[in-house]
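Descriptive structure summary
Listed below, chain by chain, are the residues.
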Amino acid sequence: GENVEQHPSTLSVQEGDSAVIKCTYSDSASNYFPWYKQELGKRPQLIIDIRSNVGEKKDQRIAVTLNKTAKHFSLHITETQPEDSAVYFCAAGGAGKSTFGDGTTLTVKP
Amino acid sequence: SAVISQKPSRDICQRGTSLTIQCQVDSQVTMMFWYRQQPGQSLTLIATANQGSEATYESGFVIDKFPISRPNLTFSTLTVSNMSPEDSSIYLCSGVEANTGELFFGEGSRLTVL
């Protein structure tokens, strides 16, 4: 089955700086790579996703890149704000099923 | 985008009892899943809820412990049977939105087993 590794497990940045979270996956058949933000006590919320036919996708301050050859994908958050503080999960899969990484706790210090 | 309503939002249960969690989607989804998230951990897929047939379970999860129903496209239930303290967790219903293919989640059900 699919195996997803996510790094780092914790990340602390100063407000205004950029944050990068990286994930690797094992199953070359995976073709859908979503990223979720989960605030304490709340459900995971999809913030951006990318499919295997695209190398990069951007939505305002958030971007995701995908390298299918190397089987890794990354989340980039620019101009971080305190409200970006949360746990971020990457996932990899297809046909609906997704395997999640272990999560990254991002802290943005004002 | 579609919205999933899940209930109960939380419950405290006694060891040996069973609890059923309900999940209702406000629009059609192609697939529905049940995940478990233990405190401070990631999400683990329990099973795929198949409409009108038996669910497909992931390794480590069995039907006797986690019976699942999906009588129609927008409703599913998960029962946690013969609960023990190790079953204390958040259980999340999820669906793949038909229009976008996105996987989205219900609010979750936080179960505490004493």
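Everything in this summary refers to the structure shown in the same document. These figures come from a predicted structure and were not determined experimentally.

Applying the stated rule across the entire model yields 2 disulfides over all chains. Residue pairing for Cys23(A): its cysteine sulfur links by disulfide to Cys90(A), the two sulfurs lying 2.0 Å apart. Handedness here is read from the sign of the S-S torsion; for Cys23(A) and Cys90(A), about -100°, the answer is left-handed. With Cys23(A) in strand 3 (residues 19-25) and Cys90(A) in strand 9 (residues 86-94), this residue pair connects regions lying 67 residues apart in the sequence. Looking at Cys23(A), the relative accessible area reads 1%, which means it is buried. Between the sulfur of Cys23(B) and that of Cys93(B) lies a disulfide, 1.9 Å long from S to S. Because the torsion about its S-S bond is -65°, the bridge between Cys23(B) and Cys93(B) counts as left-handed. Of this pair, Cys23(B) sits in strand 3 (residues 19-25) while Cys93(B) sits in strand 9 (residues 89-97), and the two are 70 residues apart along the sequence. Taking the relative accessible area as the measure of exposure, Cys23(B) reaches 1% and is therefore buried. By relative accessible area, which is 0% here, Cys93(B) ends up buried. A disulfide-free cysteine, Cys13(B) has its sulfur positioned 18 Å from the sulfur of Cys23(B), the nearest such atom. Using a relative accessible area of 6% as the deciding quantity, one classes Cys13(B) as buried.

So, on to the packing of aromatic side chains. The tally for this structure, following the rule as stated, stands at 11 aromatic pairs over all chains. Judged by centre distance (5.0 Å) and plane angle (50°), the ring pair of Phe33(A) and Phe73(A) falls under tilted. Here Phe33(A) is found in strand 4 (residues 32-38), whereas its partner Phe73(A) is found in strand 8 (residues 72-77), with 40 residues between them in sequence. The class of Phe33(A) is buried, set by a relative accessible area of 0%. Look at Phe66(B) and Tyr91(B): their rings are 6.4 Å apart centre to centre, the planes differ by 40°, and that puts the pair in the tilted class. In this pair, Phe66(B) is assigned in the loop between strand 6 (56-57) and strand 7 (68-72) and Tyr91(B) in strand 9, connecting sequence segments 25 residues apart. The pair formed by Phe66(B) and Tyr91(B) is uniform in burial state, with each residue classed as buried. Pairwise contacts between aromatic rings join Tyr25(A), Phe33(A), Trp35(A) and Phe73(A) into one cluster.

The interface is formed by 16 residues belonging to chain A together with 20 residues belonging to chain B. Carbon and sulfur atoms make up 54% of the area that chain A and chain B hide from each other, which totals about 1,400 Å². For the chain A face of the interface with chain B, the top three residues by lost area are Arg43(A), Lys97(A) and Phe100(A), together amounting to 38%. For the pair chain A and chain B, the interface holds 2 salt bridges. Residue Glu58(B) is joined to Lys97(A) by a salt bridge in which the shortest nitrogen-to-oxygen separation is 2.9 Å. Across the chain A-chain B interface, the total number found is 8 residue pairs in polar contact (both at pLDDT 80 or more). For the side of chain A that touches chain B, the secondary structure elements donating two or more residues are strand 4, strand 5 (45-51) and strand 10 (97-100) of chain A. Here the side of chain A that touches chain B is composed, by residue class, of 7 nonpolar, 4 polar and 5 charged.

Thresholds, definitions, all that
Residues numbered from 1 in each chain as written. Chains lettered and ligands numbered in written order. Predicted model: local features only at pLDDT ≥ 70, side-chain atom pairs only at ≥ 80, totals over all residues. Heavy atoms only, no water. Disulfide = S-S within 2.5 Å. Helix = DSSP H or I, 4+ residues; strand = E, 2+ residues; numbered from the N terminus. Buried < 20%, exposed > 50% of the residue type's maximum accessible area, 1.4 Å probe, protein only. Phe/Tyr/Trp six-rings, centres within 6.5 Å; stacked < 30°, edge-to-face > 60°. Contact = heavy atoms within 4.5 Å. Buried area = accessible area lost by both parts, 1.4 Å probe. Salt bridge = Lys/Arg side-chain N within 4 Å of Asp/Glu carboxyl O. Polar contact = N/O pair within 3.5 Å; in protein donor to acceptor, adjacent residues only side chain to side chain. Nonpolar A, V, L, I, M, F, W, Y, C, P; charged D, E, K, R; others polar.

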